[in-house]
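An overview of the molecular structure
So you can see what is in the structure, the chains are spelled out below.
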Amino acid sequence: LGLLGIHEGTLLAEEAANQGLETESWTVDAGLAPRERDWVSSQDRLQVELYFSSSSGAETAATELKDVAGPTFIREQEAQDWDAEWKASFKGVEIPPHWSIVAPWATRTSQTKPDSVDSPSAIRRIRINPGAGFGTGTHETTQLCLKALGEFEAIHPGSLRGARVLDFGSGSGILAIGAALLGAQVDAVEIDSLAISNARENAELNGVSRLITYAEDLRELPFNGKYQVILANILRPVLLEFCDKLCARLD
């Protein structure tokens, strides 16, 4: 029938907890993989969206589903440049007093070039091109890590210049870039090769490629010593799994 995709909905942790499906309601992200966190599948009824390439396909599906589904509604989605729409909606993020996250396509009035490690500016700009890696500055945990990094530099000015920093679970590379802008030599570990490609692009946008090394595993890093700072903005199960290994690498 020309079925293009199915969206069964998203159930957040707090909503799942209210329905008795999740006991650890502090979890802040949506019900994604692993499967035991697919709380949507535990609901008695779902509101499902089906996407078809033609109206005739949608109408035929609605007829065939009428005996097993509730009310069905069909509407046409006009073709749009979704990438352009999203870019227009992303205005960047201010994380005072030390950071400003901007998109590479943002109007560059006072943003003629990326902040360098020698920039005297109190507020450092990080340019992030959203891609396969987590971290655009909008999530609370990303902001908290950047704030901690900025406060450490404010309390100990220049202490990160030349320091070894590990960003474990680096995603888009936003934290690695922040540390590199403060002069650190950063090792970024990320299991997703697509995210690493996105992180490399972002590092280039910020002029800090020479300060960041990437690997998909801790064992692949050429540096085997200890780090002055370790950043790990990842989920609790992963933190628990690698806690001992990470602590052993902390100076």
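Definitions and cut-offs
- Residues numbered from 1 in each chain as written.
- Predicted model: local features only at pLDDT ≥ 70, side-chain atom pairs only at ≥ 80, totals over all residues.
- Heavy atoms only, no water.
- Helix = DSSP H or I, 4+ residues; strand = E, 2+ residues; numbered from the N terminus.
- Buried < 20%, exposed > 50% of the residue type's maximum accessible area, 1.4 Å probe, protein only.
- Contact = heavy atoms within 4.5 Å.
- Areas by Shrake-Rupley, 256 points an atom, 1.4 Å probe, with all protein chains shown as cover.
- pLDDT = per-residue confidence, 0-100.
- Pairing = 2+ DSSP bridges.
- Axes fitted to C-alpha atoms, helices over the stretch in contact; angles between N-to-C directions.
- 1 Å grid on protein atoms, 1.4 Å probe; cavity = no way out; pocket = protein on both sides within 12 Å on 5 of 7 lines; lining within 4 Å.
- Points joined across faces, edges and corners; volume = space filled by probe spheres on them.
- Nonpolar A, V, L, I, M, F, W, Y, C, P; charged D, E, K, R; others polar.

**Observations concerning the overall build of the chain**
Counting secondary structure elements, the chain contains seven helices and nine strands. Counting all 251 residues of the chain, 37% fall into the buried class. Put simply, of all contacts in the chain between residues at least 6 apart along the chain, 64% involve residues at least 24 apart. About 15,200 Å² of surface is accessible on the chain, with carbon and sulfur atoms providing 53% of the total.

**With respect to the confidence of the model for the chain**
For the chain, the mean per-residue pLDDT works out to 86, and 88% of the residues sit at or above 70. Per-residue pLDDT stays below 50 along residues 30-34; that stretch engages in eleven contacts with residues further than four places along the chain or on separate chains. Note that pLDDT drops below 50 for residues 109-113; the model gives that stretch seven contacts with residues more than four away or on any other chain.

**Comments concerning the sheet that holds strand β5 (residues 124-127)**
As a general point, the strands of a sheet are linked pairwise by backbone hydrogen bonds and lie either parallel or antiparallel. Strand order across the open sheet formed by three strands is β3-β4-β5, with mixed pairing between neighbours. Of all strands in the sheet, those bounded by a partner on one side alone are β3 (93-95) and β5. Across the sheet, the mean angle from the axis of one strand to that of its neighbour is 20°, orientation sign disregarded. Pairing of β3 with strand β4 (residues 99-102) involves three bridges; the strand directions are antiparallel. Across the sheet, Glu94 pairs through a bridge with Ser100, a residue of β4. Relative to β4, helix α4 (residues 140-155) is tilted by about 140°, and along the sheet it contacts β3, β4 and β5.

**Examining the layout of surface pockets**
Reported here for the second largest pocket is a volume of approximately 1,100 Å³. Val48, Glu49, Leu50, Phe73 and Ile74 are the residues nearest the centre of the second largest pocket, which is lined by 28 residues in total. In terms of residue count, the dominant contributor to the lining of the second largest pocket is helix α2 (residues 55-65) (five residues). Class assignment for the residues of the lining of the second largest pocket results in 15 nonpolar, eight polar and five charged.

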